[in-house]
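Letter by letter, the chains look like this.
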Amino acid sequence: MKDPDRGIREIKLEKDKKVFNHCFTGTCVIDWLESSNSVRNRQEGLLLASSLLNEGHLQPAGDVSKNAAEGLAETTFLDTTEALYYFPDSGFFCEENSSDDDAILKEEFRGLVVKQGCLLKQGHRRKNWKVRKFILREDPAYLHYYDPASGDNEALGSIHLRGCVVTAVEGLTD
């Protein structure tokens, strides 16, 4: 699915005064599953795509797909052009175009801070290591990371931890 030549094509979309980069629609996923002969019909594609979403191989990007993933729709994955998704390691990000949204605290930042601190993070494109401040939140469960050297309080990225189990590991020698 992630093959740059034969996989799902990641695009830049604008919806509801937001620009979504490195994402694709639910319809694109089902179309690709059918064209690659991974499924026999759209119903099978919907079941497989829902499993991929539940396992974390796909992530919801827009409000429509996030609401469905959180159980507010009939299925967790939607076969529509309104539902946006992305691959977790794709470099996905969303840019706000409206200053009206600045006053509203985003849902993902409303969660109670469980743990925070600095860690080393390896880049997904350039494989060098960087120091990042991480903040783990619950309800909704998110892991946000920041550049502590910049002094900027805006998150560089976030990982939605719905359905994940986070554990502390101690005593590793590597």
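Residues numbered from 1 in each chain as written. Predicted model: local features only at pLDDT ≥ 70, side-chain atom pairs only at ≥ 80, totals over all residues. Heavy atoms only, no water.

## A look at the packing of aromatic side chains
Then, in step 1: For the structure on display, the rule yields three aromatic pairs.
Then, in step 2: Taking the centre distance of 4.3 Å and the plane angle of 20° together, the rings of Phe77 and Tyr85 count as stacked. (Phe/Tyr/Trp six-rings, centres within 6.5 Å; stacked < 30°, edge-to-face > 60°.)

## Side note on the pairing of strand 7 (residues 129–138)
Then, in step 1: When strand 6 (residues 112–122) meets strand 7, the two strands line up antiparallel, connected through ten bridges. Note that in strand 7 the partner of Leu119 across the bridge is Arg132.
Then, in step 2: Where strand 6 folds back onto strand 7 in an antiparallel hairpin, the turn is made up of six residues.
Then, in step 3: Bridge count for strand 7 against strand 8 (residues 142–146) is five bridges, and the pairing is antiparallel. Each residue of the ladder has a partner; that of Ile135, found in strand 8, is His144. (Pairing = 2+ DSSP bridges. Helix = DSSP H or I, 4+ residues; strand = E, 2+ residues; numbered from the N terminus.)

## Things to note about the confidence of the model for the protein
Then, in step 1: Averaged over all residues, the pLDDT of the protein equals 82, while 89% of them reach at least 70.
Then, in step 2: pLDDT under 50 marks residues 98–105. Its contacts with residues more than four places away, or in other chains, come to six contacts. (pLDDT = per-residue confidence, 0-100. Contact = heavy atoms within 4.5 Å.)

## A closer look at the pattern of salt bridges
A side chain of one charge can pair with a side chain of the opposite charge if their charged atoms are brought near each other.
Then, in step 1: Under the defined criterion, the tally for this structure stands at seven salt bridges.
Then, in step 2: Arg6 serves as the salt-bridge partner of Asp3, at 3.8 Å between the closest nitrogen and oxygen.
Then, in step 3: What makes Asp3 partly exposed here is its relative accessible area of 29%.
Then, in step 4: Taking relative accessible area as the criterion, Arg6 reaches 67% and is therefore assigned exposed.
Then, in step 5: For Asp147, the salt bridge goes to Arg132, with nearest N and O atoms at 3.4 Å. Taken as a pair, Asp147 in the loop between strand 8 and strand 9 (157–160) and Arg132 in strand 7 lie far apart in primary sequence, 15 residues in all.
Then, in step 6: Relative accessible area serves as the criterion here: at 11%, Arg132 is assigned to the buried category.
Then, in step 7: Linked through salt bridges whose partners overlap, the residues forming this network are Asp31, Glu34, Arg42 and Asp79. (Salt bridge = Lys/Arg side-chain N within 4 Å of Asp/Glu carboxyl O. Buried < 20%, exposed > 50% of the residue type's maximum accessible area, 1.4 Å probe, protein only.)

## Considering helix 2 (residues 42–54)
Then, in step 1: In a regular helix each residue adds 1.5 Å, so 13 residues correspond to 18 Å; helix 2 covers 18 Å between its end C-alpha atoms and thus fits that length.
Then, in step 2: Taken as a whole, helix 2 has its buried residues at Gly45, Leu46, Ala49, Ser50, Leu52 and Leu53. One side of helix 2 holds all its buried residues, which, seen down the axis, span an arc of 160°. Relative to its buried face, helix 2 has exposed residues pointing more than 90 degrees away, namely Gln43 and Leu47. (Expected span 1.5 Å × (residues − 1). Arc of directions from axis to C-beta.)

## Things to note about unusual backbone geometry
Then, in step 1: Look at His22: it is not a glycine, yet its phi comes out positive at around 60°.
Then, in step 2: Position of His22 relative to the elements: it lies in strand 2 (residues 18–25).
Then, in step 3: Its relative accessible area of 27% is what places His22 among the partly exposed residues.
Then, in step 4: The backbone of Asn37 sits at a positive phi, close to 60°, despite the residue not being glycine.

## Structural notes on a nonpolar patch on the surface
Then, in step 1: Taken together, the side chains of Leu120, Trp129 and Val131 make up a nonpolar region of the molecular surface, amounting to roughly 350 Å² of accessible area.
Then, in step 2: With respect to the element layout, Val131 can be found in strand 7. (Patch = residues over 30% accessible without salt bridge, like charges linked within 9 Å, V, L, I, M, F, W, Y side chains within 5 Å. Areas by Shrake-Rupley, 256 points an atom, 1.4 Å probe, with all protein chains shown as cover.)

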